There are 2 protein chains.
Amino acid sequence: MSVIWSGEGPALLLALDRADGTPLGHQLQDQLRAAVRGGRLRAGERLPSSRRLSEELLVSRGMVVACYEQLIAEGYLVGSAGSGTRVAAGVREPAARSRPAGTTSPSATTTDRVEIDFEYGVPDLKSAPLPDWLWALHEAGRTAPTAVMGDERDAGALRLRQVVAAYHRRVRAGTADAEHAVIVSGFRQGLVLALSVLARSGVERVGLEDPGPREHDELVRRAGMHPVAVPVGGDGLDVDALYRSRARAVVVTPAHQCPTGVVLAPERRHALVAWAAEVDGTILEDDYDAEFRYDRQPVGCLQGLAHDRVLALGSLSKTLAPGIRLGWLLVPPALVGPVVREKLLTSRGAPALDQLALATLMESGRYDRHVRRMREVYRQRRDTLTGAVTEHAPGLRLVGLEAGCHALLELPEGVVEEEVVHSALRRAVRVYGLSRYRVDAPRAGEADVHPAMVIGFGNVNEERILRGVEVLGEVLSGTLP
Amino acid sequence: MSVIWSGEGPALLLALDRADGTPLGHQLQDQLRAAVRGGRLRAGERLPSSRRLSEELLVSRGMVVACYEQLIAEGYLVGSAGSGTRVAAGVREPAARSRPAGTTSPSATTTDRVEIDFEYGVPDLKSAPLPDWLWALHEAGRTAPTAVMGDERDAGALRLRQVVAAYHRRVRAGTADAEHAVIVSGFRQGLVLALSVLARSGVERVGLEDPGPREHDELVRRAGMHPVAVPVGGDGLDVDALYRSRARAVVVTPAHQCPTGVVLAPERRHALVAWAAEVDGTILEDDYDAEFRYDRQPVGCLQGLAHDRVLALGSLSKTLAPGIRLGWLLVPPALVGPVVREKLLTSRGAPALDQLALATLMESGRYDRHVRRMREVYRQRRDTLTGAVTEHAPGLRLVGLEAGCHALLELPEGVVEEEVVHSALRRAVRVYGLSRYRVDAPRAGEADVHPAMVIGFGNVNEERILRGVEVLGEVLSGTLP
């Protein structure tokens, strides 16, 4: 797909050498031919008007017109009254190149035939409040026209830091102020910044939940530290195992564990905070999904219990939309300086306009209204999922349903997760085995470890949930041992 | 400044314990008192309506009303017909905390009295095309309502990669295709990604221009490599010195050297490309200011000469506005995979809506029109600067004026840069000595090294340029040795 510039298109770089003996008109023809042949100008691209090009090159307009006419005659260009002079089709098709490694996800080859994808962690993209977001961008531009175009450089826009700190205090029972908030471009950047700071401060080992998102292992390694797996049971993270691991930092999802969906039990919350105090440790709290709880009382964040030991990571990817790419850190006072410095030295931060728009959106109540609306949407999807499992996969247990947009479907012992995944995929339904969240594949006979599927339903509507679970039920009845 | 939520404000996290013997009404009162005393709720913040809170907590509305009345009576809350129930002023003022280290720039203490700032590298913020940008955001949202809310994950939005590659081919005589383009959140992030990839590929030493931006030294060190200074003379980078440095990568500003403003001479361009081929080296081309040339023919980019050896870094911070925070890399084919991977593992990239808006802005011709308009603005500022120096500092030479938004004002030998900087600052004019761009302070008697000021005029209007240079002239006549 070629780029079709509106109007005249960007300036075309050509340089005539007046010291060279070659007449300027010939030089111009040669250079335009070379630009088309070499692919700098592609089929359909418009050339500058003869007036503009003559002004830029300090030659007569007649010379440019003559040159264009010559190249039209030679078939390099085509001219028309309405749309100016353009590059002709077919002169040079760029050679097909091999696709560079790493630019496609490993599963892209089968994407086109997946009809229902129970991917974890994707919110309902159709419900993303684009009109509200555009409104907020306008409001921010209207109220701070110069600020939104300048560089914000350090911890992020002050207004947004004030708003997210107040929001976190109110909704999550946090205790941070604006001076502890650092705006980042999403969870991933926030985690990488925090890990870098910990590594520079001398931390060597970082505890990661098992099961849990395994890409964090690599992030820890790239920061120069060792990831250590800490088991998660029905009460959440095993704090005794964390002590034994000799880690001095840990990444946890206390509100709704990823992927098992369990809540960190009250006594374990206190044990975890005590651990941090005892080993001079840092708790990285991924507070995702906390807004989407259904049948239980809200659980405050760990950050509110120990603001000097807990670094809370907030993100909009699940509440608003992943494309917004904004998030925040609420940082223990001693680490604020190092985190801000790390941010400055790796990227200058998020767009100023977007930051002020988010502050506007949150203060206006529109953010909150969206979250409340989505809570109902997801609650209905969850109920649909529960009903569909009862109907199509009777006897199987769904766990982690009290909150969030995913649940764990426990499979009978002996079922091989990969077989289920592949059979479902052949029927255009994508599901994900729990093993991909584990450090080690479950050993046969291990009492505690059942095969299971992680079912994300955030971006799957009710009709597709019904159909997808029906297929899954049929697949399971064919793969039961 | 407290946050004033519109409407009811975000949900307030409170949890009643029905197993506890304490009556629920008392629990609610206690928790609200604690939230106000502890600073979770601040003066002026609105509480949820009694209806909403009663629904959330599953208690009677009358209980919530009674609780609010009690706390109004106690002075924690205030109630009014129009604006609901709010937190009273004066109950708890957050204790003043010491400002965390690292969140202010070192020079912030004097910012309030600087009236004219000849800072390098800042474009005219008042001219930033905010209406065009908001238009482009809307257009992108209108044409791709779901795509702009999703996550783009790898190299960046395809449409934007197509557009920047075509732009670079046309305006800069580059040779990249969309598959070599990687969208980043600005120059800084792009440079850090590229340096990380080089370090992981085994590069140990990176050449940096001297004089040049010295913060790059630290970026190279943080990537685990050694920065080596390579002298810049009147023809640009000293390629012989680069050979001797044993570096296998180099960061250069060939179109308009930062900060001397010289153009890399043709024979040195070829020598630099030959160096890269000979040592298996990589050239990081910072192509800034290339759009703003005044009295000379355009100079094509190095990337167009050797696309397999040159990684070009493009940014909007100087052509559009630093607050946009978008940029791009055009990457040698062999490095595309590693660069994309590095990007994915450090941050998920730039906002999808902003990326498609930039593609829209560039294709529409509005970007180009803005660049052309700014070229005239900067040309006039440059002419004003030249005239002012002739008038107020006769005999001093300005160099690097053929392009860009800054120039070098050479000072007489023996003048001490720091004295000029301080004397000007006392008169509310901020200028910057060339020494801050040098690895070593100039040695007395060194033939080649004059004291000089780097004068950025991008964000200083003509009136201020005149006044600022007048002050500088007076300062210089007082500090001449």
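Counting restarts for each chain, with residues numbered from 1 along the sequence as it is written. Numbering of ligands from 1 and lettering of chains from A proceed in the order in which they are written. A pLDDT threshold of at least 70 governs which residues receive local features in this predicted model, and a stricter bar of 80 or more applies before side-chain atom pairs are shown or counted, although totals over entire chains, interfaces and linings include all residues. Calculated side-chain values reflect all of the structure's heavy atoms, with hydrogen atoms and water omitted.

Chemist: Is there a simple way to explain the overall build of chain A in this structure?
Modeler: The numbering of helices and of strands both runs from the N terminus, where a helix is a DSSP run of H or I of at least 4 residues and a strand a run of E of at least 2. Along the backbone of chain A there are 14 helices and 16 strands. Classification of residues uses two cut-offs on accessible area relative to the type maximum, computed with a 1.4 Å probe and protein chains only: under 20% is buried, over 50% is exposed, and between them is partly exposed. Here chain A holds 481 residues, and the buried ones make up 59% of them. Should any heavy atoms of two residues lie within 4.5 Å, those residues are counted as being in contact. Sequence-distant contacts, at least 24 apart, represent 74% of the contacts inside chain A between residues at least 6 apart. Entry remark: accessible area of chain A is about 18,900 Å², with carbon and sulfur atoms responsible for 51%. Computed over 58 positive and 61 negative side-chain charges, the inter-centroid distance for chain A is 5 Å. Residue exposure ignores everything except the shown protein chains as possible cover, and the areas themselves are Shrake-Rupley values with a 1.4 Å probe. When charges are counted, Lys and Arg contribute as positive and Asp and Glu as negative, whereas His and the chain ends are disregarded. Charged groups are reduced to one reference atom each: NZ for lysine, CZ for arginine, CG for aspartic acid, CD for glutamic acid.

Chemist: Is there a simple way to explain the packing of aromatic side chains in this structure?
Modeler: Here a pair means two rings of Phe, Tyr or Trp (six-membered ring of Trp) with centres within 6.5 Å. Their orientation is stacked below 30 degrees between planes, edge-to-face above 60, and tilted elsewhere. Throughout the structure, instances matching the rule amount to six aromatic pairs over all chains. Here B:Tyr120 and B:Tyr437 contribute two aromatic rings whose centre-to-centre distance is 6.4 Å and whose plane-to-plane angle is 80°, an arrangement assigned as edge-to-face. Residue B:Tyr120 is found in the loop between strand 3 (116–117) and helix 4 (130–143), and its partner B:Tyr437 is found in the loop between strand 15 (432–433) and strand 16 (452–456); the two are separated by 317 residues along the sequence. Between B:Phe292 and B:Tyr378 the ring centres are 5.0 Å apart and the planes differ by 80°, which places this aromatic pair in the edge-to-face class. You can see B:Phe292 sitting in the loop between strand 9 (282–286) and strand 10 (310–315) and its partner B:Tyr378 sitting in helix 12 (residues 366–392), a full 86 residues away along the chain. The same class applies to B:Phe292 as to B:Tyr378, namely buried. Remark: a charge is flagged as sitting over a ring if the NZ atom of Lys or the CZ atom of Arg is within 6 Å of the ring centre and within 35 degrees of the ring normal. The positively charged end of A:Arg366 is found above the aromatic ring belonging to A:Trp135, 3.6 Å away from the centroid.

Chemist: Explanation requested: helix 2 (residues 50–57) of chain A in the structure shown.
Modeler: Note: α-helices contain 3.6 residues per turn, so residues at a spacing of three or four share the same orientation. Within helix 2 of chain A the residues assigned to the buried category are A:Ser50, A:Arg52, A:Leu53, A:Ser54 and A:Leu57. For helix 2 of chain A, the elements touching its buried residues are helix 1 (24–37) and helix 3 (61–74) of chain A together with helix 12 of chain B. Once helix 2 of chain A finishes, A:Leu58 follows within two positions and takes phi at roughly 55°, a positive value.

Chemist: Help me out: how do you make sense of the environment of B:Leu237 in this one?
Modeler: All names here are of chain B. Within the fold, leucine 237 resides in strand 7 (residues 236–237). Judged by its relative accessible area of 1%, leucine 237 is buried. A C-alpha to C-alpha distance of 19 Å links leucine 237 and leucine 191, two positions 46 residues apart in sequence.

Chemist: Please explain the pairing of strand 8 (residues 249–252) of chain A as it appears in this structure.
Modeler: In the case of a regular strand, side chains alternate between the two sheet surfaces. Residues and elements named next belong to chain A. Where burial is concerned, the two faces of strand 8 agree: the one with Ala249 and Val251 and the one with Val250 and Val252 are both buried. At least two DSSP bridges between two strands are required for those strands to pair. With three bridges joining them, strand 5 (residues 205–210) and strand 8 adopt parallel strand pairing. Each residue of the ladder has a partner; that of leucine 208, found in strand 8, is valine 251. Bridge count between strand 8 and strand 9 (residues 282–286): four bridges; the pairing is parallel. Across the sheet, residue valine 250 finds its bridge partner in strand 9, namely isoleucine 283. With helix 9 (residues 266–279) bridging strand 8 and the parallel strand 9, this β-α-β connection has right-handed handedness. Handedness is read with the strands pointing away from the viewer; a crossover is right-handed when the path from the first strand over the helix to the second is clockwise.

Chemist: Help me out: how do you make sense of the relation of the copies chain B and chain A in this one?
Modeler: What connects the two chain copies is a rotation about an axis and a shift along it. To line up the copies, we fit them by least squares on C-alpha atoms, keeping just the residues with pLDDT of at least 70 in both. Between the two copies, chain B and chain A, the superposition gives an RMSD of 0.1 Å; the rotation angle is 180° and the shift along the axis is 0.0 Å. Here the copies are linked by what is in effect a two-fold axis. Among all residues of chain B, the one whose C-alpha sits closest to the rotation axis is B:Ala350, at a distance of 3.9 Å. Interface overlap between copies: 100% of the residues of chain B at the interface are likewise at the interface in chain A, consistent with a symmetric, same-surface contact.

Chemist: Would you mind going over the environment of A:Ser435 with me for this structure?
Modeler: Position of A:Ser435 among the secondary structure elements: in the loop between strand 15 (432–433) and strand 16 (452–456). For the pair formed by A:Ser435 and A:Glu418, sequence separation is 17 residues and the distance between their alpha carbons is 9.0 Å.

Chemist: Sorry, what's going on with the pattern of salt bridges here?
Modeler: Side chains that differ in sign of charge can pair as their charged atoms come close. Residues and elements named next belong to chain B. Note on definitions: salt bridges are taken to be side-chain nitrogens of Lys or Arg within 4 Å of carboxyl oxygens of Asp or Glu. Here the structure, examined in full by the defined rule, presents 50 salt bridges over all chains. As a salt-bridge pair, arginine 52 and glutamate 56 come within 3.5 Å of each other at their nearest N and O atoms. Residue arginine 52 and its partner glutamate 56 are located together in helix 2 (residues 50–57), separated by four residues, close to a single helical turn. With a relative accessible area of 27%, glutamate 56 lands in the partly exposed category. With a closest N to O distance of 3.8 Å, aspartate 117 and arginine 430 form a salt bridge. Taken together, the positions of aspartate 117 in strand 3 and arginine 430 in strand 14 (residues 429–430) put the pair 313 residues apart, joining distant regions of the chain. Take aspartate 117: its relative accessible area is 25%, and that puts it in the partly exposed class.

Chemist: So what exactly am I meant to see when it comes to the sheet that holds strand 13 (residues 406–410) of chain B here?
Modeler: Two orientations exist for strands paired in a sheet by backbone hydrogen bonds: parallel and antiparallel. All names here are of chain B. Judged by pairing direction, the sheet is antiparallel, and its four strands sit side by side in the order 12-13-16-15 without closing on themselves. Strand pairing shows two members of the sheet lacking a second neighbour, strand 12 (397–399) and strand 15, which therefore form its edges. The pairing of strand 15 with strand 16 spans two bridges and is classified as antiparallel. Bridge pairing in strand 16 links glycine 433 to methionine 453. Sheet strands touched by helix 12: strand 12, strand 13 and strand 16. Its angle to strand 12, the strand with the most contacts, is close to 160°. Axis lines are fitted to C-alpha atoms, over the contacting stretch for helices. Their N-to-C directions set the angle, which ranges from 0 to 180 degrees. Running at roughly 45° to strand 16, helix 13 (residues 417–426) makes contact with strand 15 and strand 16 of the sheet.

Chemist: What is the right way to look at the packing of helix 4 of chain B against helix 11 (residues 352–364) of chain B in this model?
Modeler: How two helices pack is summed up by the angle between their axes together with the distance between the axes. All names here are of chain B. Helix 11 packs onto helix 4 with a crossing angle of 110° between their chain directions and a minimal axis gap of 8 Å. Between helix 4 and helix 11, the angle is such that the two are roughly perpendicular. The hand of the helix 4/helix 11 crossing is right-handed. Across the interface between the two elements, Asp132, Trp133, Trp135, Ala136, Leu137, Glu139, Ala140 and Gly141 from helix 4 touch Leu353, Asp354, Leu356, Ala357, Leu358, Thr360, Leu361 and Ser364 from helix 11. Tallied by class, residues from the contact of helix 4 with helix 11 come to 10 nonpolar, three polar and three charged. Orientation categories follow fixed angle ranges, with anything under 35 degrees roughly parallel, anything over 145 roughly antiparallel, 65 to 115 roughly perpendicular, and all other angles oblique. Here a crossing is called left-handed whenever its near helix is offset anticlockwise from the far helix by less than a right angle, and right-handed whenever the offset is clockwise. Throughout, the ten residues Ala, Val, Leu, Ile, Met, Phe, Trp, Tyr, Cys and Pro are labelled nonpolar, Asp, Glu, Lys and Arg are labelled charged, and all others, Gly among them, are labelled polar.

Chemist: Teacher, can you tell me more about the interface of chain B and chain A here?
Modeler: Interface extent is often summarised as the accessible area lost during association of the parts. If you look at the interface, chain B gives 105 residues, while chain A gives 106 residues. Defined here as a combined quantity, buried area equals the accessible surface (1.4 Å probe) lost by two parts on assembly, summed across both. With both sides pooled, the region where chain B packs onto chain A buries about 8,800 Å², and carbon together with sulfur makes up 53% of that total. On the chain B side of the interface with chain A, the three residues burying the most area are B:Met149, B:Arg170 and B:Arg222, jointly 11% of the side's total. Residue A:Arg341 is joined to B:Glu218 by a salt bridge in which the shortest nitrogen-to-oxygen separation is 2.3 Å. Whenever a nitrogen or oxygen atom comes within 3.5 Å of another N or O atom, the pair is scored as a polar contact, on the condition that within protein one atom can donate a hydrogen and the other can accept it, and that pairs from neighbouring residues in sequence are kept only if both atoms are in side chains. Linking chain B to chain A there are 31 residue pairs in polar contact (both at pLDDT 80 or more). Top contributing element to the side of chain B that touches chain A by residue count: helix 5 (residues 158–172) of chain B, with nine residues. Classifying every residue of the side of chain B that touches chain A by side-chain character gives 46 nonpolar, 28 polar and 31 charged.

Chemist: Sorry if this is basic, but what is going on with the side chain of A:Ser364 here?
Modeler: Relative to the assigned elements, A:Ser364 resides in the loop between helix 11 (352–363) and helix 12 (366–392). Exposure remark for A:Ser364: the relative accessible area of 17% places this residue in the buried category. A distance of 2.8 Å separates a polar atom in the side chain of A:Ser364 from the backbone oxygen of A:Leu361. Residues within four places of A:Ser364 in sequence aside, it is in contact with A:Trp135 and B:Ser6.

Chemist: Quick question: what am I supposed to make of the sheet that holds strand 7 of chain B here?
Modeler: All names here are of chain B. Strand order in the open sheet made by the eight strands is 4-11-10-9-8-5-6-7, with mixed pairing throughout. One side of each edge strand has no neighbouring strand; the edge strands of this open sheet are strand 4 (181–184) and strand 7. Each of strand 4, strand 10 and strand 11 (327–330) is contacted by helix 5, which is oriented at about 110° to strand 4, the strand it contacts most.

Chemist: I tried to follow the pairing of strand 5 of chain A on my own but got confused; where do I start?
Modeler: All names here are of chain A. Counting buried positions over the six residues of strand 5 gives five, a clear majority of the element. As paired strands, strand 5 and strand 6 (residues 226–233) are joined by six bridges and run parallel to one another. In the sheet register, glutamate 209 faces strand 6, and the bridge partner there is valine 230. With helix 7 (residues 215–222) bridging strand 5 and the parallel strand 6, this β-α-β connection has right-handed handedness.

Chemist: Just checking my understanding: could you explain the environment of B:Gly323 for this structure?
Modeler: Residue and element names in this part refer to chain B. In this fold, glycine 323 is placed in the loop between strand 10 and strand 11. Look at glycine 323 and you get buried, because its relative accessible area is 4%. Glycine 323 sits 137 residues away from glycine 186 along the chain, and the two C-alpha atoms are 9.7 Å apart.

Chemist: What should I look at first to understand helix 10 (residues 333–344) of chain B in this one?
Modeler: Any helix carries an expected span of 1.5 Å times its number of residues minus one. With 12 residues, helix 10 of chain B should reach 16 Å at 1.5 Å per residue; the first-to-last C-alpha distance of 18 Å fits that figure. Inspection of helix 10 of chain B places B:Leu335, B:Val336, B:Gly337, B:Val339, B:Val340, B:Glu342 and B:Lys343 among the buried residues, and these make up the whole buried set. Turning to helix 10 of chain B, the residues buried within the fold contact helix 7 of chain A together with strand 4, helix 6 (187–200), strand 9 and strand 11 of chain B.

Chemist: Explain the confidence of the model for chain A to me, please; I cannot follow it from the model alone.
Modeler: In low-pLDDT segments, the atomic positions of the prediction should not be examined closely. Residue and element names in this part refer to chain A. In the predicted model, chain A carries a mean pLDDT of 87, and the fraction of residues at 70 or more is 92%. A score from 0 to 100, pLDDT tells how confident the predictor is in each residue. Ranking the elements of chain A by mean pLDDT puts strand 1 (residues 77–80) last with 84 and strand 8 first with 98. Within the model, pLDDT remains below 50 along residues 94–111, and this stretch shows 22 contacts once partners closer than five positions in the same chain are excluded. Here the prediction assigns the complex a pTM of 0.87, and the interface score ipTM is 0.86.

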